[in-house]
Amino acid sequence: MKVQETLQLLEGSKSRELMTKLYGESHVGENTARYQELVKGYQQLFGDQDILLFTSPGRTEISGNHTDHNHGKVLAGSINLDCVGVAAKNDSQTIRIVSETYHQDFTIDLQDLTPSAKMAGTVDLTKGLLKGFLEAGYKVGGFNAYITSNVISAAGVSSSASYEMLLCAMLNTFFNEGKLDTVAYAHVGKYSENHYWNKASGLLDQMACAVGGLITIDFKHPAAPAVEKIDFDFASAGHSLIIVQTGKGHADLSADYSSVPQEMKKVAQYFGKEVLADVDEKDVLDDLKAVRAFAGDRSVMRALHFFEENKKVEAEVTALKAGDFNAFLENITASGNSSWKWLQNCYTTASVQEQGISVALALTEMFIAEKKRGACRIHGGGFAGVIMAMLPNDLVEEYIAYIEKTIGEGSAYRMSIRPYGAICCNDLL
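Below you will find a few notes about this structure.

Turning our attention to the pattern of salt bridges. In total, this model carries 26 salt bridges according to the counting rule given. For glutamate 61, the salt bridge goes to arginine 377, with nearest N and O atoms at 2.9 Å. Separated by 316 residues along the polypeptide, glutamate 61 in strand β1 (residues 52–63) and arginine 377 in strand β9 (residues 375–379) bring together distant segments of the chain. Here glutamate 61 matches arginine 377 in class, with each residue buried. For the salt bridge of glutamate 397 with arginine 414, the shortest nitrogen-to-oxygen distance reads 3.6 Å. Of this pair, glutamate 397 sits in helix α14 (residues 393–407) while arginine 414 sits in strand β11 (residues 412–415), and the two are 17 residues apart along the sequence. Since its relative accessible area comes to 40%, arginine 414 is described here as partly exposed. Shared partners join several salt bridges into a network, and the residues in it are Arg34, Asp82 and Arg418.

Listed below in structure tokens is the structure:
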């Protein structure tokens, strides 16, 4: 579809309907304009081509903190912040990507997918995705893409996974006849981060961005994770999900992030297993003295968090299905406490005077204690970045004013769960 046709399509009723589902009724106008400006930007760079529109959301992790990499359970959702792209095949052996948000413009030769020595940055991540497609037996080809993103970077809402899943949707649409499912997307993203970024990530971020909606995932069999959509709208319970950016991101904390799965797996190794999902919690407790000597105390604490966090995910899903929102909130609080005390990922021990996460949690807990309503917890990988609060709608504006006064103006974001993951928008227009 040419540029002018696409611009007209964005003015139509189907576009308004899609924008409402993706961003909410009050944000239709601004996002329609956002897409239109992106189309015009593409045209200025590449001319009037047959283009397609794509979107891939960021994600919120509601529970299941650091469980996926040991094949545990999570509760997550796609959010109304996203990475949007305009793209077209270019009938060449090169891929050119222009990021309006990050002022990047790079070209990748499909004949050279070797990562850089640093194994970091968007170019390496993109090469890893392309290599992941090829390793899995899928096709790649040349295309141009013009991209924008409002997913907060390095803050625990998966800006990288959002980008990865956007490109997966493009490659799937252009070169693979839509044959890949969301699990395949997630494995390609994980491959890229593991092998081209040296990041020991699991599948949570990619799955939550790719699938869409509120979902629970059991990673016991990671080649085919069990995914279930949960039909629940937080708005129907009179609550809003808020994330607070506490300042410093976690982009330079890879060692802290990677230590979590490594230490959990060290406990599993004592029992001759690779991951904790294959270990019984009772066996750890029965042989605790020897496990501590073998793996270390922090490893044991993180392993106990894994076992108990899986139970909290199950309890939260049960509560949502039963409409017991108070029980759901109680488990959110318990999950947050476990991350803080047992998993120990609220700050980095490399710089103990930097504790933005801890400060934001303390302030939010004080607010909730006074109001006697709501819940909060760390959000995402941790050590720095973002916290999550679940608050009654009548307290949201007061909380945002309160937390931004202390943390910083513009630090709080009111989220909504959108029903779609990484998609080609034209399929729905």
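Here we come to the layout of surface pockets. In this structure, the second largest pocket spans a volume of roughly 740 Å³. If you go around the second largest pocket, you meet 30 residues; those closest to its centre are Asn80, Met415, Ser416, Ile417 and Arg418. Residue assignment for the lining of the second largest pocket shows that the elements contributing at least two residues are α3 (28–46), β2 (73–89), β8 (239–245) and β11. Looking at the lining of the second largest pocket, its residues break down into 12 nonpolar, 11 polar and seven charged.

Taken in spatial order, the four strands line up as β9-β10-β8-β11 in an open sheet, and their pairing is antiparallel. At either margin of the open sheet sits one strand with a lone partner, and together these are β9 and β11. Strand-to-strand twist of the sheet, defined as the mean angle between neighbouring strand axes without regard to direction, takes the value 25°. Across five bridges, β9 lies against strand β10 (residues 386–392) in antiparallel orientation. If you follow arginine 377 over to β10, its bridge partner there is methionine 388.

Quick notes on the rules
Residues numbered from 1 in each chain as written. Predicted model: local features only at pLDDT ≥ 70, side-chain atom pairs only at ≥ 80, totals over all residues. Heavy atoms only, no water. Salt bridge = Lys/Arg side-chain N within 4 Å of Asp/Glu carboxyl O. Helix = DSSP H or I, 4+ residues; strand = E, 2+ residues; numbered from the N terminus. Buried < 20%, exposed > 50% of the residue type's maximum accessible area, 1.4 Å probe, protein only. 1 Å grid on protein atoms, 1.4 Å probe; cavity = no way out; pocket = protein on both sides within 12 Å on 5 of 7 lines; lining within 4 Å. Points joined across faces, edges and corners; volume = space filled by probe spheres on them. Nonpolar A, V, L, I, M, F, W, Y, C, P; charged D, E, K, R; others polar. Pairing = 2+ DSSP bridges. Axes fitted to C-alpha atoms, helices over the stretch in contact; angles between N-to-C directions.

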